[in-house]
Amino acid sequence: MYGKELGIIGTGKIGSALLGRLISTNTIDRSKIIAYDKDENKRNKLSQEYKIEYAESNEGLARVSKYILVAVIPQVIDTVLKEIEPIITNEQVIISIAAGVSFNHINKFINPAVGLIRIMTNTPALVGAAATVIAHNENIKDHQLEFVKGIFNAVGMVVELEERHLDAVTGLSGSGPAYIFIIIEALADGGVKMGLPRATALKLAAQTLLGSAKLLLETNIHPAALKDMVTTPGGTTITAIHELESAKIRATLIRAVEAATLKSKSLNSAKINNNQ
Ligand SMILES: NC(=O)c1ccc[n+]([C@@H]2O[C@H](COP(=O)([O-])OP(=O)(O)OC[C@H]3O[C@@H](n4cnc5c(N)ncnc54)[C@H](OP(=O)(O)O)[C@@H]3O)[C@@H](O)[C@H]2O)c1
C-alpha cells in the first residue's frame, strides 16, 4: 500500500545527518526513502546530493510513507502534525525526534490508535556516533520497533527506555555533548598552560576522551577499575585526581545532569499548560 519505507519531514541538521548515514550504510535503499523540507534550497541540494525523491508537501509524503520521521524543531511540530493528521492510518508509524514533545501532546493531533515512537538522540549522530534512546507507545509492534532501531543504529548506539525517562536522557546524553566539549577544551587549556601547542593539546584531549569511552564500552569494566589502572601509588594521576575531587567535579557533573533534567521537565509542563 505504501511505496516508501521512510518519509523524513525536515532535513535540517539531524534529519540530513540521518539521511546521509542511512544511504551510506545501505540501511534503506534510497528508492524507498522520501523527504520533505519547507526550505527549497535544502530540498534542491539534498535531492541532488543523496539522489532521493522529495515530496511536494508534508501531506504528499504522508500519503506514501509507511514510517514518518518528524525531524523539525518542537516549535513547528504542531503545524506538521495538523497537516498530516487527515492522512495518517493505523498502518503507519510516526517517529518524533522533537525534544520534549510527549505522546500525549502528539495525540492531541494524531489518532491514539496510531503507533508512535519518540527518539532522543544527540549531535554525534552527525558522525555516526550518537547515543539514541527510543520509547514507544502501546500500538507499536515488535517488527516496527526493530525497523526503527535499525534506522538509528545507522547513526550510533540505540537503547530502549520508557517515555518517563526521556527528560533524564535529555539531561544526560541529549545535552551531554556540550558538557564534554567544555571538558575537552579545559583539558587542552591545561596542556597549553603547560607549554603544549594548542592544536596538539586539543587533539590529545579529544582522543583521550574518545579512547577512554571506547575502552569502557568495549571491555565493560567499571570506570572506577579503569581509573585505578592509570593510578600509580604516589604518582601523577592520583595527584591530579586529588585536585579534581577537591573541586567537587563529581558533584558538579551530577548537579549538571539534574539541572538539565529538571529544566527539560519544566519546559514540557509549560508546553502542556500553553496548549491547554
Ligand atoms: N540538534 C541537536 O542537537 C538535537 C539533538 C537531539 C534532538 N534534536 C531534535 O531534532 C529536531 C530537529 O533538530 P535540528 O537541529 O535538525 O533542526 P533544524 O536544523 O532546524 O532542522 C529542521 C528542518 O525542518 C524544516 N522545517 C521547518 N518547518 C517545517 C515544516 N512545516 N515542514 C517541513 N520542514 C520544516 C526547517 O526548515 P527552516 O530552516 O527553513 O525552518 C529545517 O530544515 C528537533 O526537534 C530537536 O529537538 C536535535
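Cut-offs applied
Residues numbered from 1 in each chain as written. Predicted model: local features only at pLDDT ≥ 70, side-chain atom pairs only at ≥ 80, totals over all residues. Helix = DSSP H or I, 4+ residues; strand = E, 2+ residues; numbered from the N terminus. Near = placed C-beta within 6 Å. Nonpolar A, V, L, I, M, F, W, Y, C, P; charged D, E, K, R; others polar. Axes fitted to C-alpha atoms, helices over the stretch in contact; angles between N-to-C directions. Parallel < 35°, antiparallel > 145°, perpendicular 65-115°, else oblique. Left-handed = near helix turned anticlockwise from the far one by under 90°. Contact = placed C-beta atoms within 7 Å. Core = buried A, V, L, I, M, F, W, Y, C linked by C-beta atoms within 7 Å. Buried ≥ 20, exposed ≤ 12 C-beta atoms within 10 Å, placed from the backbone. Pairing = 2+ DSSP bridges.

This part takes up unusual backbone geometry. The phi torsion at N220 lies on the positive side, around 65°, for a residue other than glycine. Position of N220 relative to the elements: it lies in the loop between α9 (198–219) and α10 (223–230). Here the phi dihedral of K248 falls at roughly 60°; this positive angle occurs in a residue that is not glycine. Relative to the helices and strands, K248 is located in the loop between α11 (236–246) and α12 (249–274).

Right, let's get into the site of the ligand. Around the ligand, 27 residues are found, and the nearest of them are G10, G12, I14, A98 and A99. Broken down by secondary-structure element, the contributors of at least two residues to the shell around the ligand are α1 (13–24) and α4 (74–84). Split into classes, the residues belonging to the shell around the ligand amount to 12 nonpolar, 10 polar and 5 charged.

Our next topic: the packing of helix α8 (residues 176–193) against α9. At a closest axis distance of 8 Å, the pairing of α8 and α9 adopts a crossing angle of 135°. When the axis of α8 is compared with that of α9, the two are oblique. In the crossing of α8 with α9, the sense of the turn from one axis to the other is right-handed. Contact residues: α8 offers I180, I184, L187, A188, G191 and V192, while α9 offers R198, A201, L202, L204, A205, A206 and L209. Per-class residue counts for the contact of α8 with α9 are 11 nonpolar, 1 polar and 1 charged.

With that settled, the discussion passes to the nonpolar core. Counting residues in hydrophobic clusters, the biggest one holds 56 residues, and the most contacted among them are I9, I68, L69, V70, I94 and I95. If one sorts the elements of this core by residue count, α1 sits on top with 5 residues. Filtering out sequence-adjacent residues up to four positions away, I95 remains in contact with Y67, I68, L69, V70, I117, I119 and V148.

Read across the sheet, 8 strands follow the order β3-β2-β1-β4-β5-β6-β7-β8 without closing on themselves; strand pairing throughout is mixed. This sheet does not close on itself; its edge strands, each paired only once, are β3 (53–54) and β8 (156–160). As judged from the 4 bridges shared by strand β5 (residues 93–96) and strand β6 (residues 115–120), these two strands associate in the parallel manner. Within β6, the position partnered with I94 by the bridge is L116. The strands touched by helix α7 (residues 166–174) within the sheet are β6 and β7 (130–136), with β6 carrying the most contacts at an inclination of about 35°.

As far as function goes, none of this settles anything; it's purely spatial.
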